[in-house]
Amino acid sequence: MKLIESILTKNPCYTAGRKITVKGLMLHSVGCPQPSALVFVRNWNSASYDRACVHAFIDGNDGTVYQCLPWNHRGWHCGASGNNTHIGVEMCEPGCIRYTGGATFTCSDKATAQAVAKRTYQAAVELFAMLCQKFNLDPLGDGAIVSHKEGCKRGIASNHGDPEHLWTQLGLPYTMDTFRKAVKAAMGGGAAAPGGVSGTKIMGAAVATAEQMKAYIKAKNPKVAQSVLDMVPLYLSEGAAEGVRGDIAFAQSCLETGNFGFAGSAVTLEKNNFCGMGVTANGLKGNSFATAQLGIRAQVQHLKAYASTEPLKGECIDPRFKYVARGCAEVVEWLGQKENPQGKGWATGAGYGAKIVTILKAILAIAGGAAPTPAPVAVSFKVRVTATDLNIRTGPGTNTAKTGKFTGAGVFTITEVKDGPGSAKGWGRLKSGAGWISLDFAQKI
Ligand SMILES: [Zn+2]
């Protein structure tokens, strides 16, 4: 699900500023031929638009969810008391239908219209599953998920027929019962069943390269200190040492430090604390570490405390390791206490994990780690390899093919070094021309 926050800050409903205790979710469809959610978002974000306001629109062309109100803000979506209890979500409708009176329409292109309705239905299932988890709602519970039409029957909404009128007239097999069951099933996939967790696993090998992370931070903060750029590879090596994804730790640091600008941050660069460690209340200054490497190591260890029940491989230097309920956040999405199924987690702010995932995705979207790298500097140095089975690869990374040959133990000359996946210290090109080896397994001599 792609969710874009697009709060209608000018709409009088938003400025009214009333909050609700969320007891349920109401599904709507817009009741006019307009598939583009952005058209609504733009028109409704106006002080003069005082007729309605909803929590989200789902785009009919691509299924994107546009969040228009904070979830616990009182919306104006159903014209009755349901506004005091229910979040309201509008699905956009196909452009090829024409209303002929009430909830009745004709359709000039059934296949396209069905595709739109299927897309919004599926996105709504995902969104409602997320919201049920967030607000601890049982999708099959009485009144937890209703349509506008059902809301009318229950006496909590005005007399509309949406969105069932859309599905029935387009000949789709959807009902609110199929919808609720689909939401339940979608939540099952996201529950804490062993091995069945959905989300971004914190434990594992990093996917982003040091180049991608450096390119990201340079783009976000052109004034970033050189010392920050120099320490980026430490995220990968420290992460690899504990089996934690170093790129996730780095994305978290980008969030916690304001892209290493430290503006408004409780910590400073000098403290070598890049994750807000120990800032357990506003105004506290947080822990400090002797070197950047130790600060990153403590962060990695702290992430491991949340993500796994395995013991640390290295000596514990995380001063807060002992406070973590081990294994309570296997995925990044659960690092925020509001989204965590047990209400535990690294941070209290809403959507904490989702923010880290967004940063991680932006890092990974940077062209394959091949973001403008300076021309390879000519190097030549000797390394000693003690392993007898060190793979020689065709390129600098575990994403390139093995040549099928091994170095064998001995001393080798490296003529070029490049960063690449699977090796924290980078990859070295063998002078012999046989290929590349991971410098993690070679001692410079
Ligand atoms: Zn409605």
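Residues numbered from 1 in each chain as written. Predicted model: local features only at pLDDT ≥ 70, side-chain atom pairs only at ≥ 80, totals over all residues.

**Q** Explain the domain arrangement of the protein chain residue by residue, including any values.
**A** Along its sequence, the protein chain is carved into domain 1 (3–187), domain 2 (210–364) and domain 3 (377–444). Each of domain 1 and domain 3 has a C-alpha centre, and these two points are 56 Å apart. (Domains from an automatic or database assignment.)

**Q** Explain helix H3 (residues 110–134) to me, using residue names and the numbers behind them.
**A** Between its terminal C-alpha atoms H3 stretches 36 Å, which fits the 36 Å expected from 25 residues at 1.5 Å a residue. Positioned one or two residues after H3, Asn136 has a phi angle of 60 degrees, which is positive. (Helix = DSSP H or I, 4+ residues; strand = E, 2+ residues; numbered from the N terminus. Expected span 1.5 Å × (residues − 1).)

**Q** With reference to specific residues and values, describe the packing of helix H8 (residues 226–242) against helix H9 (residues 246–256).
**A** Relative to each other, H8 and H9 sit at 130 degrees, their axes nearing to 7 Å. Classed by the angle they form, the pair H8 and H9 counts as oblique. For the pair H8 and H9, the crossing hand works out as right-handed. On H9, the residues that touch Val232, Tyr235, Leu236, Glu238, Gly239 and Ala240 of H8 are Gly246, Asp247, Ala249 and Phe250. Partitioned by chemical class, the residues of the contact of H8 with H9 number six nonpolar, two polar and two charged. (Axes fitted to C-alpha atoms, helices over the stretch in contact; angles between N-to-C directions. Parallel < 35°, antiparallel > 145°, perpendicular 65-115°, else oblique. Left-handed = near helix turned anticlockwise from the far one by under 90°. Contact = placed C-beta atoms within 7 Å. Nonpolar A, V, L, I, M, F, W, Y, C, P; charged D, E, K, R; others polar.)

**Q** Please set out the pairing of strand S7 (residues 104–107) residue by residue, giving values where relevant.
**A** Here four bridges tie strand S6 (residues 97–101) to S7, and the two strands are oriented antiparallel to one another. Looking at S7, one finds that Ile97 is bridged to Cys107. (Pairing = 2+ DSSP bridges.)

**Q** Which residues make up the nonpolar core, and what values do they have?
**A** By size, the foremost hydrophobic cluster in this structure holds 50 residues, and its most contacted members are Ala56, Phe57, Ile58, Val89, Ala124, Leu127 and Phe128. Here this core gets 13 residues from one element, more than from any other, and that element is H3. Not counting chain neighbours up to four residues away, the residues in contact with Phe57 comprise Ala37, Phe40, Val41, Tyr66, Cys68, Glu90 and Cys92. (Core = buried A, V, L, I, M, F, W, Y, C linked by C-beta atoms within 7 Å. Buried ≥ 20, exposed ≤ 12 C-beta atoms within 10 Å, placed from the backbone.)

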